Amino acid sequence: MMDILIKNLPILVVLCPLMTSLLVVLIPNIIFSWGLTTLSTFLTFLFSILLYQEIQIHSYISYAIGKWIPPIGIEYIIDKVAIIPIIIISGISFIATIFAYKIMPEEIEKKSVSKVYSLWLLAVAGLIGLVTTGDAFNLFVFLEISSLASVALVAMGAQKNKQALVAAYNYLIIGAVGATLYVIGVGLLYGITGTLNMADLTNRINDLNNNKALIAGFGFMIIGIMVKAAVFPLHIWLPRAYAYAPSAVSVLLAATATKASLYILARILFSVFENSENLINNTLFFVILPLSIIAMFAGTIMAIYEKDIKRLLAHSSVAQIGYITLAFSIGTKASIAAGFIHMFNHAIIKGGLFIAITSIGFYIKKRVTINNLSGLGRAMPITFFCFVLCSLSLAGLPLTAGFISKLYLIKASISSDGIWIAILILISSALSVVYLWKMIEVLWMREAKKIVINENPKIYLSLIIITFLNIYFGLDASLVVNGSFEAAEKLIGDLK
Amino acid sequence: MISIENFILITILVPLIVCVLTPFISKISILRDCLGPIGGVISSWGAFNIMRAALSNQSTNLEIIKIAEGISIGFKITPLGAIFGLVASFLWIFAAIYSIGYMKGNKEKNQTRFYTFYAMAIHAALCIAYAGDLLTLFIFYEVLTFSTYPLVTHKQNEIAQKAGRLYMSILVGSSVILLLPAIIWVWVATGSLEMSKNGVLDGKIDVAYTPLLLAMFVFGIGKAALIPLHKWLPAAMVAPTPVSALLHAVAVVKAGVFTMLIVLTNVFGTDLLAKTGASEWLIWLASFTLLATSIIAIYKDDLKARLAFSTISQLSYITLGGALATSMAIQGAALHIITHATGKITLFFVAGALYVGAKISKISDLNGHGTAAPLIFLSFFIGSLSIIGVPPMAGSWSKFYLMLGAADSNYIVVIAVFCISTMLNAFYLMEIPARAFFFKKERDINLKIPKLILIPTLITSVLTILLFFFIEPFQNLTSMMADKI
């Protein structure tokens, strides 16, 4: 029994949420549908932990769907790289589901709650599928599944604020364009190599170095994925989508949605096209590096001038994605590892911040803007305390997870002679203190309005869990750091 | 027999325990208030034993948490750290007693929060003193900044908010943008975060880059308050006086100059500095800060503001001593950490006493009130003499060594700087007792100083005299520091 389970883990992490999403839609009861969703996300998380243990032993698992031998059939590949986003997505979606319990029925009509949970699981299945698949076209399928599910989820916010419809529409159109570009790229590659299997693609690209179709195909794929990963300036769908989605959905999307696409980006850059070194180096240096630096500053500055807190956090996400792509663009083992470290840490940081802000919104029954926060810190000490800790983690204060990201990022850029990159990163992160401090100051300093808020354990439980993770991974980061270094080594080998 | 590792743990953990306990016993205010002084006694007992261990040349490496491969939070004993640790923890006893009197006398709100973060700041300062490597130093440097923010903005009004912003933006900004990359640069260059008595950078870094790296460190350590990073210190004076006394005359600013000295001696090493002349510009910058802020101090009528500028000027003495990089100058700089601390804390205590007693904060309001509170003004007089450097006050020792150091390194101009600054010190500090005792009284006020404020003030002023006679153990420590060079 256990044996079969372990053998089928790579497919189970995708199938578990996918299948329950079909079941959940049939359950009209709010509590039961939530219970099933929680169970499903918990099982998915459990499976990914088991998968992690398997990876420590085998370091590479290939799973042929329906026993069709790759490269003919579709292959799922789990290795030390893929396991990082899988753990992030399954873990955060579990925490977000716990958080959804009280929040979701507040914002969504009773009869649509189970539909939302169904979409929720579908999105999770799509995101995990994106990571596990080793087939370039199957990847497109999952890309669409996760995008369409997320679009529908964002649109559900319309019951509270009609802006959500605009956000969802934007997300839909831009996402569809991105996916189309990606699939055009895949088509071109298929035309010249005759395969869709990624590992196979790697080998066949080997002797096609200056082929125009290859370069075009690469360009299409990369741009398509960059849209999904919200790399500046292709991020425009993101702030609205995060800001107007239902609260729990914002948490899920902010912490997980772009992580899978960032992983795909790394995989395409360093694994699929590893033999076209010139092409990759030029892309990294002339495209990704400058865009990332602009993203770091543009996102941060937008956040400083933003009044609506959810949008503020969304802008900050754009900047944080900039850190991750910047790390990739340096292209050394240490920097790619730093990218993965930050990918993990950013998920728990942003998850925590979104949970804190949306719970504040739940308590005050208003849209959370900077002016609405006045003096609330004293009315809700637990939420405020967690919010401050997560903010400090985002700012990269020592003893938090965010510091570890920053430390390795700076170290990687200094050791590849990029002291100026290091300084730019730090200036941008010092600027991020400005908007974080703006919120903390308002929460703490302004005169408190006379409102009494009873903090609800059902809401702050998940906040406390995720805040604890922020501190824990700041004090004992060896798991994340070692995992990321192994991932980076797997991705680029000992070449650099 | 308690092992030396445990003494380190006792010294740094006791303030943390006080910090954690305070909110839980906030209802019983007597117990809460007593925690500080008790913590101070235990902590300084530990610090005293650590100093004894440092004198007998014992060494230890204590790793508390291993964060990841090559990164850990660890502590060790250095002579300079032993001095700074003892100063911070010992003066905490008196500052804690003083705080009780001040907070009660002034009827401040949110006292529990105040005591909590106060202890937290002491914890951070002690962790800096015994930091085993550069990263531990940096981590607690930041913790110190963040834990003092609620203290600086204690009043929670518009002015406090503005001051808090300036405080955070200078201290966090400089340390994150410059200090952190400088530390990581050292890490990349030498392959470890270790510090050693003779410096670690010699031969590991291109000589052309040394002045740049040094500049990143110097301008990254905002707590040392060199021009143009000094503005946070006068701004921080909006905090209650016990904060200004212990934190902004002792713990925080001394953490800054301590870091500066550690970087100059244990990271760069005096040999490297002397060889490359990388620190020459720092001598001039420190001299300029020293004189400029002394002159500004003269024009400040607000007593705490004047003391703040005087502090900036005195901190530059220490930086200057480190930058001169001769054995004598470094000894003088290290001694100045103690002597200035005891002198300046007395002066701040007096400033707070006058505020609690009669809401006096301006120097021009002091005329003729000397007879109303002679002991307080006498304490101020003694503290001032020590800062000016008149024997038999402690401050004379450090100035003496600093001047010797300047002579050693043939910077005659620097000796002149010291002399001019001494005159300026005398000019702006002596005005206060002079006005109090010799000027005509303009109006009658009721100056009543609570005992809990008066006693710590007297004790610290007596300490400045005692230190003059019992400076030997500290001198041994500083010469141990210098010997290794």
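Thresholds applied
Residues numbered from 1 in each chain as written. Chains lettered and ligands numbered in written order. Predicted model: local features only at pLDDT ≥ 70, side-chain atom pairs only at ≥ 80, totals over all residues. Helix = DSSP H or I, 4+ residues; strand = E, 2+ residues; numbered from the N terminus. Rg over C-alpha atoms; globule rule 2.2 N^0.38 Å. Contact = placed C-beta atoms within 7 Å. Buried ≥ 20, exposed ≤ 12 C-beta atoms within 10 Å, placed from the backbone. Domains from an automatic or database assignment. Nonpolar A, V, L, I, M, F, W, Y, C, P; charged D, E, K, R; others polar. pLDDT = per-residue confidence, 0-100. Pairing = 2+ DSSP bridges. Core = buried A, V, L, I, M, F, W, Y, C linked by C-beta atoms within 7 Å. Axes fitted to C-alpha atoms, helices over the stretch in contact; angles between N-to-C directions. Parallel < 35°, antiparallel > 145°, perpendicular 65-115°, else oblique. Left-handed = near helix turned anticlockwise from the far one by under 90°. Expected span 1.5 Å × (residues − 1).

Chemist: With reference to specific residues and values, describe the overall build of chain A.
Modeler: Helix and strand content of chain A: 20 helices and two strands. Relative to its length of 496 residues, chain A is compact, with a C-alpha radius of gyration of 21 Å against a globular reference of 23 Å. Summarising its shape, the C-alpha atoms of chain A cover approximately 70 × 55 × 40 Å along the three principal directions. Contacts in chain A between residues far apart in sequence, at least 24 positions, make up 79% of those at least 6 positions apart.

Chemist: Quick one: what's the story with the overall build of chain B, residue by residue and with numbers?
Modeler: Counting its secondary structure elements, chain B contains 18 helices and two strands. Overall size of chain B, expressed as C-alpha extent along the three principal axes, is 70 × 55 × 45 Å. Counting the 485 residues in chain B, one finds 62% classified as buried. A sequence separation of at least 24 residues applies to 82% of the contacts in chain B between residues at least 6 apart.

Chemist: Give a description of the domain arrangement of chain B that names residues and reports values.
Modeler: Residues and elements named next belong to chain B. According to the domain assignment, chain B contains domain 1 (1-256) and domain 2 (279-485). If you average the C-alpha positions of domain 1 and of domain 2, the two centres end up 21 Å apart. Contact residues are listed per partner, giving 40 residues for domain 1 and 44 residues for domain 2. Of all the secondary structure elements, the ones that give two or more residues to the side of domain 1 that touches domain 2 are helix H2 (29-55), helix H3 (79-105), helix H7 (210-220), helix H8 (232-235) and helix H9 (241-268). Examining the composition of the side of domain 1 that touches domain 2, we find that 15 residues originate from one element, H3, more than from any other. Per-class residue counts for the side of domain 1 that touches domain 2 are 30 nonpolar, eight polar and two charged.

Chemist: Tell me about the interface of chain B and chain A, and name the residues and values.
Modeler: Listed per partner, the contact involves 23 residues of chain B and 23 residues of chain A. Looking at the side of chain B that touches chain A, the elements that each hand over two or more residues are strand S1 (61-68), helix H5 (134-152) and helix H6 (158-190) of chain B.

Chemist: Give me the lowdown on the confidence of the model for chain B, citing residues and values where you can.
Modeler: Of all residues in chain B, 99% attain a pLDDT of 70 or more, and the chain-wide mean is 87. Across the whole predicted complex the pTM is 0.88, and at the interface the ipTM reaches 0.82.

Chemist: Give me the pairing of strand S2 (residues 71-76) of chain B: which residues, what numbers.
Modeler: Burial of S2 of chain B is one-sided: the residues Ile71, Ile73 and Phe75 of chain B facing one way are buried, the residues Ser72, Gly74 and Lys76 of chain B facing the other way are not. Linking S1 of chain B to S2 of chain B, which pair antiparallel, is a turn of two residues; within it Gly70 of chain B sits at a positive phi near 85 degrees.

Chemist: Any chance you could break down the nonpolar core for me, citing the residues and the numbers?
Modeler: Counting 399 residues, the largest nonpolar core has Val154 of chain A together with Ile128 of chain B as its most contacted members. In this structure, this core is formed jointly by two domains, domain 1 (1-256) and domain 2 (279-485) of chain B, each of which donates at least three residues. Ignoring anything within four residues of it in the chain, the contact list for Val154 of chain A reads Ala164, Ala167, Ala168, Tyr171, Ala241, Tyr244, Ala245 and Val249 of chain A.

Chemist: Describe the environment of Ala121 of chain B, and please don't skip the residues or the numbers.
Modeler: Residue and element names in this part refer to chain B. With respect to the element layout, Ala121 can be found in helix H4 (residues 111-129). Linking Ala121 and Thr342, residues 221 residues apart in sequence, is a C-alpha distance of 18 Å. Those residues in contact with Ala121, other than ones at most four positions away along the chain, are Leu144, Ser147, Thr148, Leu151, Leu247 and Ala251.

Chemist: Give a description of the packing of helix H11 (residues 247-272) of chain A against helix H14 (residues 333-364) of chain A that names residues and reports values.
Modeler: All names here are of chain A. Contact geometry for H11 and H14: axes closest at 7 Å, N-to-C directions at 165 degrees. Classified by the angle between their axes, H11 and H14 sit roughly antiparallel to one another. Along this stretch, H11 crosses H14, giving a crossing that reads as right-handed. Touching Ser247, Ser250, Val251, Ala254, Ala255, Thr256, Lys259, Leu262, Ala266 and Phe270 of H11 are Ile336, Met343, Ala347, Lys350, Gly351, Phe354, Ile355, Thr358, Gly361 and Phe362, all from H14. Of the residues assigned to the contact of H11 with H14, the class counts are twelve nonpolar, six polar and two charged.

Chemist: Outline H11 of chain A, supporting the account with residue identities and numerical values.
Modeler: Along its 26 residues, H11 of chain A runs 37 Å from first to last C-alpha, staying within 8% of the 38 Å computed at 1.5 Å per residue. Of all 26 residues in H11 of chain A, 25 are buried, a share of seventy percent or more.

Chemist: Describe in detail the environment of Leu397 of chain A, supporting the description with residues and values.
Modeler: Relative to the helices and strands, Leu397 of chain A is located in the loop between helix H16 (381-395) and helix H17 (401-415). Here the alpha-carbon distance between Leu397 of chain A and Val433 of chain A, two residues 36 residues apart in the chain, equals 9.9 Å. The residues contacting Leu397 of chain A, other than those within four sequence positions of it, are Leu392 and Phe403 of chain A together with Glu142 and Phe146 of chain B.

Chemist: How would you explain the packing of helix H2 (residues 9-24) of chain A against helix H3 (residues 30-58) of chain A if you had to name every residue and give the values?
Modeler: Residue and element names in this part refer to chain A. At a closest axis distance of 9 Å, the pairing of H2 and H3 adopts a crossing angle of 175 degrees. The pairing of H2 with H3 is recorded here as roughly antiparallel in orientation. The segment H2 lies against H3, with Leu9, Leu12, Val13, Cys16, Pro17, Thr20, Leu23 and Val24 engaging Ser33, Leu36, Thr37, Ser40, Thr41, Leu43, Thr44, Phe47, Ser48, Leu50, Leu51 and Glu54.

Chemist: Break down H3 of chain B for me, citing the residues and quoting the values.
Modeler: Quick reminder: α-helices carry 3.6 residues per turn. Residues three or four places apart thus point the same way. Residue and element names in this part refer to chain B. Given a rise of 1.5 Å per residue, 27 residues ought to cover 39 Å, and the 39 Å separating the end C-alpha atoms of H3 matches this to within 8%. Burial within H3 is extensive, with 25 of its 27 residues counted as buried. Following H3 by one or two positions, Lys107 has its phi on the positive side, about 50 degrees.

Chemist: Just give me the short version of unusual backbone geometry, but keep the residues and values in it.
Modeler: Residue and element names in this part refer to chain B. In this structure, Pro228 follows Ile227 across a cis peptide bond, with omega equal to 10 degrees. Pro392 follows Pro391 through a cis peptide bond whose omega is 0 degrees. With phi around 60 degrees, Ala225 is a residue other than glycine that occupies positive phi space. Along the chain, the position of Ala225 falls in the loop between H7 and H8. At Lys359, a position not held by glycine, the phi torsion is positive, near 55 degrees.

Chemist: I'd like a description of the environment of Ile296 of chain B, backed by residues and values.
Modeler: Among the structural elements, Ile296 of chain B can be located in helix H11 (residues 280-298). Placed 132 residues apart in sequence, Ile296 of chain B and Tyr428 of chain B show a C-alpha to C-alpha distance of 9.8 Å.

Chemist: Report on the pairing of strand S2 (residues 75-79) of chain A, specifying residues and quantitative values.
Modeler: Side-chain direction in a regular strand flips from residue to residue, so the side chains alternate between the two faces of the sheet. Residues and elements named next belong to chain A. Across the five residues of S2, four count as buried, placing the element largely inside the fold. Sheet topology places strand S1 (residues 60-64) next to S2; five bridges connect them, and they run antiparallel. Within S2, the position partnered with Tyr60 by the bridge is Asp79.

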